[in-house]
Amino acid sequence: MRAAGPCISKAAAAVKVLLLGGYGVFGARLAKFLVIDGHDVCIAGRSLRAAQTCAAELGCRAIQMDRSLDLGALTAHDVVIDAAGPFHTYGDDPYRLARAAIAAGVHYLDLADDAGFCAGIAALDTDARAAGVCVLSGLSSVPALSSAAVRALAGGEVPSVIDTAILPGNRAPRGLSVMQSILSQAGRPMPLWHGNQ
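We now turn to the structure provided with this report. (Residues numbered from 1 in each chain as written. Predicted model: local features only at pLDDT ≥ 70, side-chain atom pairs only at ≥ 80, totals over all residues. Heavy atoms only, no water.)

## Brief notes about the overall build of the protein chain
The helix and strand tally for the protein chain stands at 7 helices and 7 strands. The linear arrangement of helices and strands in the protein chain, starting from the amino end, is β-β-α-β-α-β-β-α-β-α-α-β-α-α. Here the protein chain, with 197 residues, has 34% of them falling under the buried criterion. A separation of at least 24 residues holds for 65% of the contacts in the protein chain among residues at least 6 apart in sequence. Approximately 11,700 Å² of the protein chain is accessible, and the part contributed by carbon and sulfur atoms is 55%. (Helix = DSSP H or I, 4+ residues; strand = E, 2+ residues; numbered from the N terminus. Buried < 20%, exposed > 50% of the residue type's maximum accessible area, 1.4 Å probe, protein only. Contact = heavy atoms within 4.5 Å. Areas by Shrake-Rupley, 256 points an atom, 1.4 Å probe, with all protein chains shown as cover.)

## Overview of unusual backbone geometry
The amide bond that connects Gly85 to the next residue, Pro86, takes the cis arrangement and shows omega of -10°. In this structure, Pro86 sits in the loop between β5 (79-82) and α3 (96-104). Backbone torsion omega between Val142 and Pro143 reads 15°, so that peptide bond is classified as cis.

## Let's talk about the environment of Val35
Take Val35: it is sitting in helix α1 (residues 25-36). When its relative accessible area of 22% is taken as the criterion, Val35 is described as partly exposed. Between the C-alpha atoms of Val35 and Gly59, which are 24 residues apart in sequence, the distance is 7.7 Å. Among all residues touching Val35, those that are not within four sequence positions of it are Val41, Leu58 and Cys60.

## With respect to the side chain of Ser146
Checked against the element boundaries, Ser146 lands in helix α6 (residues 141-154). Dropping the residues within four chain positions of it, Ser146 is found in contact with Ser141 and Thr164.

## Some thoughts on the pattern of salt bridges
The tally for this structure, following the rule as stated, stands at 4 salt bridges. The partner of Asp93 in a salt bridge is Arg99, and the shortest N-O contact between them spans 2.7 Å. For Asp93, a relative accessible area of 31% puts it in the partly exposed group. With a relative accessible area of 37%, Arg99 lands in the partly exposed category. (Salt bridge = Lys/Arg side-chain N within 4 Å of Asp/Glu carboxyl O.)

## Some remarks on the nonpolar core
Membership of the largest hydrophobic core comes to 26 residues, with the highest contact counts inside it found for Leu18, Leu74, Val80, Tyr108 and Val135. At the level of secondary structure, the elements contributing two or more residues to this core comprise β2 (16-20), β3 (40-45), α3 and α4 (115-120). Of the residues forming this core, the biggest block, 5 residues, is contributed by α3. Among all residues touching Leu74, those that are not within four sequence positions of it are Leu18, Met65, Val80, Leu97, Ala100, Ala101, Ala104 and Val106. Listed in part, the 18 residues of the second largest apolar core include Val15, Val41, Ile81 and Cys134. (Core = buried A, V, L, I, M, F, W, Y, C linked by side-chain atoms within 4.5 Å.)

Following this line, the structure appears as structure tokens:
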């Protein structure tokens with residue numbers, strides 16, 4: 001998990017949240033809990049119909065938005081969360097949305113699990129701090145939850161190596177982004193541990 005800039009105060013009241021991919025597998029769950037917590041949520045995605053259907057079920061707003069085209073909706077929100085992914089496929093300008101959020105004075109969070117994408121967000125630290133916003137990547141099962149589990153299990157020790165993997169169970173819902181992320185690893189080398197080597 002990588003952060004840039006100052007993070008959002010824990011004492012914040014209802015926050016205007018723009019949630020990209022808010023009708024996907026992970027985005028819809030996040031949208032549900034944000035609404036339950038009393039935040040003003042707007043579900044955004046390329047499919048207006050899917051966004052509206054999910055928003056109607058949750059009692060929140062919906063808009064059509066493609067992160068590669070129009071980012072004008074950012075300015076009407078306090079926080080933008082990218083739950084769309086898969087983050088390793090964002091092309092030549094993977095941090096376009098995060099940079100647009102900084103320019104708009106909006107906090108940026110994402111559910112990325114791609115190590116390269118998460119580590120690369122640190123390049124935005126100076127700009128995020130200057131704008132007074134938080135840019136936080138990796139709020140997914142890996143690395144955020146897995147890192148928290150390692151910290152709790154380590155009992156104050158500093159592990160020299162952490163090796164994690166997470167895959168959806170047979171009954172877990174899978175969206176297109178989840179499948180693309182998993183399948184992107186097919187055919188790539190995978191190191192295997194034998195003892196301590």
